[in-house]
Amino acid sequence: MTLSSEAYRALEDVVGPENISEEPAILDGYCFIWANEVHFGDKFSARPPAVVLPGNTKEVQGIVKVCNRFNIKYRAHASGWEVPAISAKEPFLPVDLRRMNRILEIDRKNKFAVVEPYVSVQFLLTETIKQGLRPASVGCGPSASIIASSTSHFGCGTSNVSTDYGGRTPLGIEWVLPDGNILRVGSLGTDSGWFSGDGPGPSLRGIMRGLSGPNGGLGIITRTAVKLTPWYGPASIKARGKPNLYDYDVPENLRVYQLIFQSREHMTDSLMSIVEEGIAHGLQRCGVAVSVMLVTESNDEFWDTVKDSPPEMAEMYKFAASFMVDAASPGELKYREQLVEKLLDKYEVMSFPMDDKMMGALFYNLVTGQGTQRIFRVSGSFLSAVGAQEAWDTMGHISRRCAEEIWAKYEAAGKIGLAGESPWGTALGDWGSHVESVCVYDQLDPESVQATRDVIAEVDELLPKWSLGMGSFEGCLSPAEAAQKKAAPYCLDFMSYEKKVKKLFDPNLVSESTWYVTPDK
Amino acid sequence: MALKDFEKDMMRDSRCSYCKVIPHVMMTDTRFIDVCPSVARFNFHGFSAGGRMVAGLSLLRNRIEYTDGFLDMIFQCQMDGACDVSCKIDRDLEPLQVMQELRIKCIEDGQLIAGHMPVLEGLRKEDNMLQRKKADRGKWADGLDIKELAGGKAEVLFHAGCRYSFDEELWPTVKTGINILKEAGVDAAIMGKDEACCGGRAYEMGYEAELIKYADHNIQAWKTAGVKTIVTPCSCCYQTFKVLYDKIGKKPEIEIYHFTEYLDKLIKEGTLKLKKKVPIKVTYHDPCHLGRLSEPWIHWSGKEIKVAGQMIVHDPAKKYRRGAEGVYDIPRDILKAIPGLNLVEMYRIREYAWCCGSGGGVKEAYPEFALWTAAERLKEAKDVGADALVSACGWCKRNFTDAVKETGKKIEVYDIVDLVQEAL
Ligand SMILES: Cc1cc2nc3c(=O)[nH]c(=O)nc-3n(C[C@H](O)[C@H](O)[C@H](O)COP(=O)(O)OP(=O)(O)OC[C@H]3O[C@@H](n4cnc5c(N)ncnc54)[C@H](O)[C@@H]3O)c2cc1C
């Protein structure tokens, strides 16, 4: 796709000459992203014809209108760290929302904040903890955009057990629809403020994002109010020492645990109990190796630390989780600590001994997801397959079958690493879990890249057949529509509804949809 | 090393954008979280370290050609290294080295920046970065009772650097420096008109040959003069002597001190007594070249190996420069030792400090961007309630002073040496 000079001028009129570019070197920054080699066979996907940087809703709307007029496919992004933000088979116009980076309001009493798209988890957290509140965290870490994760792409994170996940956090929403009209969702639609995500009539939040979000394929969200949850720590998080292993002080009213379970069943039961008790601030299923990664300076140091561990140890630490409780007062903290002790006793859970360094690192990781980025350190890139939302026991079985029936052979052949049954997962409010089966690969090694593609193909093939009573495979399979179509007989055919939504809301099909759906011809 | 030697780093960039902001946990005020002036000012991803890693790869793969837009994207950057610190919180990549090699490649390929040319010509002709006559280099010391090496010998050499030597407004600082050394009984000398540029700034602009040339020249000159210790008030010279010469395999067998380090030594020994009250509320600006960029160079040669399937480790194990080992506490200790002085910290300090704006050839080729960057820092200094901004580098002081004039901000700009002088 190229832009006619008329179209370019029209876009330039909207954003100003400083905020549009068709310089090839700049454009290459908008088609390069991790995992492109797996999906498109190269580090670079299709180079966009131009890039625009709007500064406000009016400009976003202007861009979208120009795109409809000139039949230009567009897709918005915030940090642009997620593959669906940047890459596509065919060129499209990236709408980089970087200039829209303001917190518009923090309503302490009603516990919500109104933000623009480039406001990240850490950005909002920094200001809200000054008022005793915090936003939901996102697994990828503190740089994740609040709006991207609450309206457009998943939004699962370490603290979701207490905050709920992205699908449950948005309240009032300002949405530039794919055709350029503006829809104000929830109480905002009746000029009643930002406090509710549902207005009169059927909920539009479901259409806007559903379970896992349209990945930029359904217009552009320009402002959102998100729920905030009480924060019992100090007004700022203190880190000391030197990079890259800063020391974090765990605030008085929080306690961090690294739990080791004896079996999958024990793990499922105890995690469900922890969720039920409503005492957790953060909960994350992940191996002890992740904690070691957080406190080692480099792969070299990590490997030096773990290389002589006996294989039984890896086996023993397979079922593990990091976990944090918080409390509004010392009395409540004492009660919660006692409750934790009881649960650990009941399910014979071992609390892994930690020094201050590891405890501090886990604390910050549980609050913000910081450190997840280290997955890239391991081998250069990673794959997270089966990123599904389901019941704890279902997810336990999925990760087992994935590990045994898919990952094992590739890992034994040395083509992927860090796989096995030690996935990453988190609790979603009070209704279930999000679990990802993760492995690492090397984008410089063609065999490793191919193995990663093969893993994806096998997941697409096998997961629906295992079925396991899952309602849908949204987010579990590769984003290719073909995979979802093939899985449709084994679950709810949610895609046919999404296709209807897409057709209705995006009549000119300009909201780029590689990572969402395309209406059937 | 050449750009192609960093191909793996470029390929392994994940596009996380961590390089654009200070380490997340250090964010305490959201008005001051940007760490990269370039992307903060120009916004497109290409103006960040991550974007330049992509551009480097594109260039190697012949996906792009040299254009003015591309060159602006590469050179509108102070090479301040803050991106490198933020990147390396979670990754083991070398964005700053990629950007350095990218510049060197541009220059090797004949892609020159118009604004740099007069400076380079001046350097080649007159051995300084300020387009001034070599013969005038020692003028700042006129009237001072200081030994000028003219074929003679001295153990301690005071190296003023191009900026202090030719920027008359900064002369009081170097003059004070000399007086302090004399008062402390240090038998120091200067090279006067024979002093030459360190070559560091030219290297940042992409001119590697100039760095090699001046390293060879200076090291030989110091050897001939029997110099054992160098003291310099210029952070850029300090970093060049201490780090860059080592990086290119020309580590001088000489003790290199930034003037603040020497002052600190004299204060802690009791030779220098700070007695007079200086009742002023100041904030300290960490010069990039004294802070994160002055971390000693770490040489490594070995190979990458894979363990546990695909994990990349090194044989022998590799250590990374993460910006932690710069000079951060010493200037603060000096300021705290000044009676009556109230030191308040800004939001972006130490290894994640915001740059003054003048480095990397920006002041020379893109002066407006240099001033914009400095003005951002002045806002931060005002925000923490400081009446004065103190730095420890002539380049910082010049750019801040220019920005004060330009913006009309009511704030004093000091070199730390000026304040020490007031306290003596
Ligand atoms: C290492 C790693 C770990 C991750 N772990 C998790 C995890 O645990 N849980 C999770 O939920 N996600 C995870 N992700 C995915 C993703 O990075 C996060 O969801 C994050 O929230 C995205 O924020 P961002 O600012 O990077 O969004 P972007 O990458 O900019 O965008 C993400 C998607 O949202 C769309 N989008 C963004 N903003 C808008 C807008 N205003 N309007 C319309 N569409 C928009 C984009 O088109 C894109 O499809 C992970 C990613 C990485 C790299």
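Nothing here was measured: the structure is a model prediction, and the numbers come from that model.

Visitor: Any chance you could explain the overall build of chain A here in plain terms?
Guide: Across its full length, chain A carries 20 helices and 20 strands. Since a compact globule built from 521 residues should have a radius of gyration of about 24 Å, the 23 Å found for chain A is in line with a globular shape. Partitioning the contacts of chain A with sequence separation of at least 6, the portion at a separation of at least 24 is 70%. Looking at charge distribution, chain A has the averaged site of its 51 positive side-chain charges lying 5 Å from that of its 66 negative ones.

Visitor: What should I look at first to understand the domain arrangement of chain B in this one?
Guide: Many structure descriptions define interface size as the accessible area lost when the parts assemble. Residues and elements named next belong to chain B. Structurally, chain B comprises domain 1 (1-111) and domain 2 (116-269). Inter-centroid distance (C-alpha atoms) of domain 1 to domain 2 is 30 Å. Of the residues lining the interface, eight residues belong to domain 1; the matching set on domain 2 comes to eight residues. Of the roughly 710 Å² buried between domain 1 and domain 2, counting both surfaces, carbon and sulfur atoms make up 53%. Counting the surface domain 1 buries against domain 2, the share from its top three residues, Gln100, Ile104 and Ile107, is 56%. Applying the counting rule to domain 1 against domain 2 returns zero salt bridges. At the junction of domain 1 with domain 2, the criterion picks out two residue pairs in polar contact (both at pLDDT 80 or more). Top element by residues in the side of domain 1 that touches domain 2 is helix α6 (residues 95-108). It accounts for six residues. Of the residues in the side of domain 1 that touches domain 2, the class split is four nonpolar, two polar and two charged.

Visitor: Is there a simple way to explain the interface of chain B and chain A in this structure?
Guide: Contacts between the two partners involve 62 residues from chain B and, on the opposite side, 73 residues from chain A. Both sides together, the interface formed by chain B and chain A hides about 5700 Å², and carbon and sulfur atoms give 56% of it. Together, B:Arg15, B:Phe44 and B:Gln310 form the three largest contributors to the area buried by chain B at its contact with chain A, with a combined 14%. For the pair chain B and chain A, the number of links is nine salt bridges. In this structure, A:Arg374 engages B:Asp90 in a salt bridge whose closest nitrogen and oxygen atoms are separated by 2.7 Å. Our enumeration of links across chain B and chain A arrives at 35 residue pairs in polar contact (both at pLDDT 80 or more). Those elements giving two or more residues to the side of chain B that touches chain A turn out to be α1 (7-12), α2 (37-42), α3 (49-60), α4 (68-75), β7 (303-307) and β8 (311-315) of chain B. Taken together, the residues that form the side of chain B that touches chain A break down as 29 nonpolar, 13 polar and 20 charged.

Visitor: It is not clear to me how the domain arrangement of chain A should be interpreted in this structure. Could you clarify?
Guide: Annotation of chain A at the domain level lists domain 1 (5-96), domain 2 (103-230), domain 3 (250-374) and domain 4 (380-478). Computed over C-alpha atoms only, the centres of domain 1 of chain A and domain 3 of chain A are separated by 41 Å.

Visitor: Got a minute to help me understand the site of the ligand in this structure?
Guide: Residues and elements named next belong to chain A. Residues in close proximity to the ligand total 36 residues, the closest being Ala76, Ala78, Ser79, Glu82 and Gly155. Within the backbone of cysteine 140, an N or O atom sits 3.4 Å from a nitrogen atom of the ligand. Contact between the ligand and serine 149: an oxygen atom at 3.3 Å from a side-chain N or O atom of the residue. Burial of the ligand by the protein chains amounts to 98% of its free accessible area of 940 Å². Listing elements by their share of the shell around the ligand, those giving two or more residues are β3 (74-77), α5 (83-86), α7 (146-152) and β10 (220-227). Tallying contributions element by element places α7 first for the shell around the ligand, with four residues.

Visitor: Sorry, what's going on with the packing of helix α10 (residues 264-277) of chain A against helix α17 (residues 392-412) of chain A here?
Guide: Each pair of packed helices can be summarised by the angle the axes make with each other and by the distance between the axes. Residue and element names in this part refer to chain A. Where α10 meets α17, the axes come as close as 9 Å, and the angle between the chain directions of the two elements is 145°. The handedness of the crossing between α10 and α17 comes out as right-handed. For the pair α10 and α17, contact is made by Arg264, Thr268, Leu271, Met272 and Val275 and by Trp392, Asp393, Gly396, His397 and Arg400, respectively.

Visitor: What is the right way to look at the confidence of the model for chain B in this model?
Guide: Any segment with low pLDDT has predicted coordinates that should not be analysed in fine detail. For chain B, the mean per-residue pLDDT works out to 97, and 100% of the residues sit at or above 70. At the level of chain-chain contacts, confidence expressed as ipTM amounts to 0.96, with global pTM at 0.97.

Visitor: What exactly am I supposed to notice about the pairing of strand β8 (residues 170-176) of chain A here?
Guide: Regular strands have side chains that alternate between both faces of the sheet. Residues and elements named next belong to chain A. Within β8, seven of the seven residues are buried, leaving the element largely enclosed by the surrounding structure. Taken together, the five bridges between β8 and β10 define a ladder with antiparallel strand orientation. Following the sheet pairing, isoleucine 173 is matched in β10 by threonine 224. Here β8 runs beside strand β9 (residues 182-185); their pairing, made up of four bridges, is antiparallel. Within β9, the position partnered with glutamate 174 by the bridge is arginine 184.

Visitor: What's the story with the pattern of salt bridges in this structure? I'm lost.
Guide: Where charged atoms from two side chains of opposite charge come close, those side chains can pair. Enumeration according to the criterion identifies 72 salt bridges over all chains in this entry. A:Asp249 is the partner of A:Arg240 in a salt bridge, and the nearest nitrogen-oxygen pair spans 2.4 Å. Take A:Asp249: its relative accessible area is 33%, and that puts it in the partly exposed class. With a closest N to O distance of 2.7 Å, A:Glu297 and B:Arg322 form a salt bridge. Of this pair, A:Glu297 sits in the loop between α11 (288-294) and α12 (299-306) while B:Arg322 sits in the loop between β8 and α14 (329-337), placing the two residues on different chains.

Rules used throughout
Residues numbered from 1 in each chain as written. Chains lettered and ligands numbered in written order. Predicted model: local features only at pLDDT ≥ 70, side-chain atom pairs only at ≥ 80, totals over all residues. Heavy atoms only, no water. Helix = DSSP H or I, 4+ residues; strand = E, 2+ residues; numbered from the N terminus. Rg over C-alpha atoms; globule rule 2.2 N^0.38 Å. Contact = heavy atoms within 4.5 Å. Lys, Arg positive; Asp, Glu negative; His and termini not counted. Charge placed at Lys NZ, Arg CZ, Asp CG, Glu CD. Domains from an automatic or database assignment. Buried area = accessible area lost by both parts, 1.4 Å probe. Salt bridge = Lys/Arg side-chain N within 4 Å of Asp/Glu carboxyl O. Polar contact = N/O pair within 3.5 Å; in protein donor to acceptor, adjacent residues only side chain to side chain. Nonpolar A, V, L, I, M, F, W, Y, C, P; charged D, E, K, R; others polar. Near = heavy atom within 4 Å. Areas by Shrake-Rupley, 256 points an atom, 1.4 Å probe, with all protein chains shown as cover. Axes fitted to C-alpha atoms, helices over the stretch in contact; angles between N-to-C directions. Left-handed = near helix turned anticlockwise from the far one by under 90°. pLDDT = per-residue confidence, 0-100. Buried < 20%, exposed > 50% of the residue type's maximum accessible area, 1.4 Å probe, protein only. Pairing = 2+ DSSP bridges.

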